Amino acid sequence: MASDKDTSGRSGADESKTSPSKAASRAPRTVRSGSQAAVSTAKRGLVALAVLTIALAGILIYGVTTDRTGWDPKLALDLEGGTQMVLSPELQEAQDGQEITQEQLDQAVEIIRQRVDGTGVSEAEISTQSGSNIVVSMPGVPSSETRDLIQTSAQMAFRPVITTAEGTPTPEEQRTPVEEIPEPDAEPTDSSDPNWVTPELVKKFESLDCAAQRPQEERKAQDPEKAVVACDPANNAKYILGPLEIPGTDIDDASYGMANNQQGMSTGQYAVNLQFNSEGTETFKELSERLYQIGQAQQGDPRSQFAILLDGTVISAPSMNAVINDGSAQITGSFTEEDARFLSEQLKYGALPVSFSIESEQQISATLGSNQLRMGIIAGLVGLALVCVYSMFQYRWLGLVTISSLLVAGLITYFAITLLGWSANYRLSLAGVAGLIVAIGQTADSFIVYFERIRDEIRAGRSIPAAVDHGWKRARQTVLAAKAVNLLAAVVLYFVAVGNVRGFAFTLGLTAIADLLVVFLFTHPVMVLLTRTKYFGGGAKNSGLDPEALDAVPFYRGAGRVRSPEDSDGLTIAERRRRQKAAETQGDGAADGADVSGGSSAVDQTEQTEGSTR
């Protein structure tokens, strides 16, 4: 075995002598040092950030040149102004003297708010007026589609379920070819008959993606006399539903409460109670008989369910567990009190659909105006300037890294807000501007945590490049934890708040994401590259990384000596100089060279003693 190694070693040596070009070609295969790997990773991070920034800039330039958007972010109602519409509610098929109640009006406000938000219009304000009208204020000029959407009544419908599946689209390779889907072999006998399902309907059902938002017009364009497809976004389910059985106008009342069993005892679960009118009672009796028989014949058959739709979206799809003869139905399930209350309100609203006519429409000026926006921008610039001044004072020339990082974060945030205004019709309100101003300090916090961790490593005696590497490993955990808290707070605030507060939460969360991108793809890579230069890597004066200014004591002190605990007393240079000066002053006036507590060194005391002896 040894002779084999020797032989291979000699052959390798001979080969390297006779073929130097081959040996040179193998040289780059050597393992890189940690410093080289850090520099390479830093360069890749900067390239990734550059690609991202260029891509965002390219998309924005494309949108501007094609007149799809502008250079400025879209502004909300409080900063730009917009359109105010006063809507007068009208009950469909109302009897003489019947008036809409405040509860129905409040429910209508929620329906309109959902519809307006669904069109992408942000920061719209919807409220009631004088207990009889609804006022809708939205930025800009609403399109004709938005006007129609606001005026249209909420349509509720009961349809039997024919089949169901998960709300994700079927993969292309697994979809059934249209020519292989059998045509119905007979005319449907009732609304639950599978003969309603056509090849075209199956194709639409397989390609349906419930995660994608469907236009309101598409959801409402459901022929009541034909089978349709519909989604239940809350449960990520999609359905093929038979023709309309019961319209929402046949609901007489809806409420919620604790469910009772057949013995009248409470089950401890919430339920939604339905009461139909005379016409609805008869229709629901026939429907319940058919669906109950289907469920008894085959357990788990989806055709034993019926779907309740509001504006073309399934809000509940319960199974029929009994025949309902008196028009009083009870929907049970894993309801929380809030779920049961919300569903009962939706059902109750469907009992008296409300349409609206636009009584007046006018352009309104900004509630705050450009002056408030200008003051907000000035406040942000003042805050940015103070952060820059502090960074230069605290970190000397290293503060330039903080300033450049803030500028990069601001650029990415600008691109994001402007592009969201184009794609999602996001509008920046004054509350959103406040979120951007607050984010300046939170973004600077990330850099301070990182820089202080590096300086701590330098004080511990590490070289500056090594301090950057070790400091980053520890600081990034703190940065990630801090930004996770910021994001969590922003998400919670966004979903529980209403109005302009949501704009504040949105910009706060957006800037937290931008901060993470900048710290990982810009600040740390720039620090790695700077510490490989002579000025910063050598810890020059005013570089912000000067070991002497940081009171650093190297671990190896030369001549075989290493750092001992006595070499660092925990004092800064300024504190040590003040102690020394105080010791000298007290030493000059003390009799017989009295000891100065905590100040004079052993050398000073020796010199004073020898002087007095001499």
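Now for a quick tour of the structure. Here the structure is a predicted model, which is why all the values come from computation and not from measurement. (Residues numbered from 1 in each chain as written. Predicted model: local features only at pLDDT ≥ 70, side-chain atom pairs only at ≥ 80, totals over all residues. Heavy atoms only, no water.)

In this model, helix 13 (residues 430-459) (30 residues) spans 44 Å end to end at C-alpha, consistent with the 44 Å of a helix rising 1.5 Å per residue. At Ala-439, helix 13 shows its largest bend, some 25 degrees. Positioned one or two residues after helix 13, Gly-461 has a phi angle of 105 degrees, which is positive. (Helix = DSSP H or I, 4+ residues; strand = E, 2+ residues; numbered from the N terminus. Expected span 1.5 Å × (residues − 1). Bend = angle between axes of the 7 residues up to and from the residue.)

Moving on, we get to the pattern of salt bridges. Within this structure, the stated rule accounts for eleven salt bridges. In this structure, the salt-bridge partner of Arg-459 is Asp-456, at a minimum N-O distance of 2.9 Å. Remark: Asp-456 and Arg-459 occur in helix 13; sequence separation between them is three residues, near one turn of the helix. Here Asp-456 falls in the partly exposed class, since its relative accessible area comes to 35%. Among the ionic contacts, a cluster of salt bridges with common partners joins Arg-453, Glu-457, Arg-462 and Arg-474. (Salt bridge = Lys/Arg side-chain N within 4 Å of Asp/Glu carboxyl O. Buried < 20%, exposed > 50% of the residue type's maximum accessible area, 1.4 Å probe, protein only.)

On inspection of all chains with the given rule, the structure shows 14 aromatic pairs. Between Tyr-426 and Phe-506 the ring centres are 4.6 Å apart and the planes differ by 35 degrees, which places this aromatic pair in the tilted class. With Tyr-426 in the loop between helix 12 (399-423) and helix 13 and Phe-506 in helix 15 (residues 500-530), this pair connects stretches of sequence that are 80 residues apart. Tyr-426 sits in the buried class, given a relative accessible area of 8%. Residue classification places Phe-506 among the partly exposed positions, given a relative accessible area of 27%. Put simply, the rings of Tyr-395, Tyr-450, Phe-451, Trp-472 and Phe-520 touch in pairs and so form one group of aromatic residues. (Phe/Tyr/Trp six-rings, centres within 6.5 Å; stacked < 30°, edge-to-face > 60°.)

So, about the side chain of Arg-159. Looking at the element boundaries, Arg-159 is found in strand 4 (residues 156-166). One buried charged residue, Arg-159, remains without a salt bridge, the closest side chain of opposite sign being Asp-223 at 6.3 Å. Within polar-contact distance, the side chain of Arg-159 engages the backbone oxygen of Asp-223 at 3.0 Å. Of note is the side chain of Arg-159, whose polar atom sits 2.9 Å from the backbone oxygen of Gly-242. Once residues lying within four places of it in the same chain are set aside, the contact partners of Arg-159 are Gln-222, Asp-223, Pro-224, Lys-226, Val-228, Leu-241, Gly-242, Pro-243, Leu-244, Phe-306, Ala-307 and Leu-309. (Lys, Arg positive; Asp, Glu negative; His and termini not counted. Polar contact = N/O pair within 3.5 Å; in protein donor to acceptor, adjacent residues only side chain to side chain. Contact = heavy atoms within 4.5 Å.)

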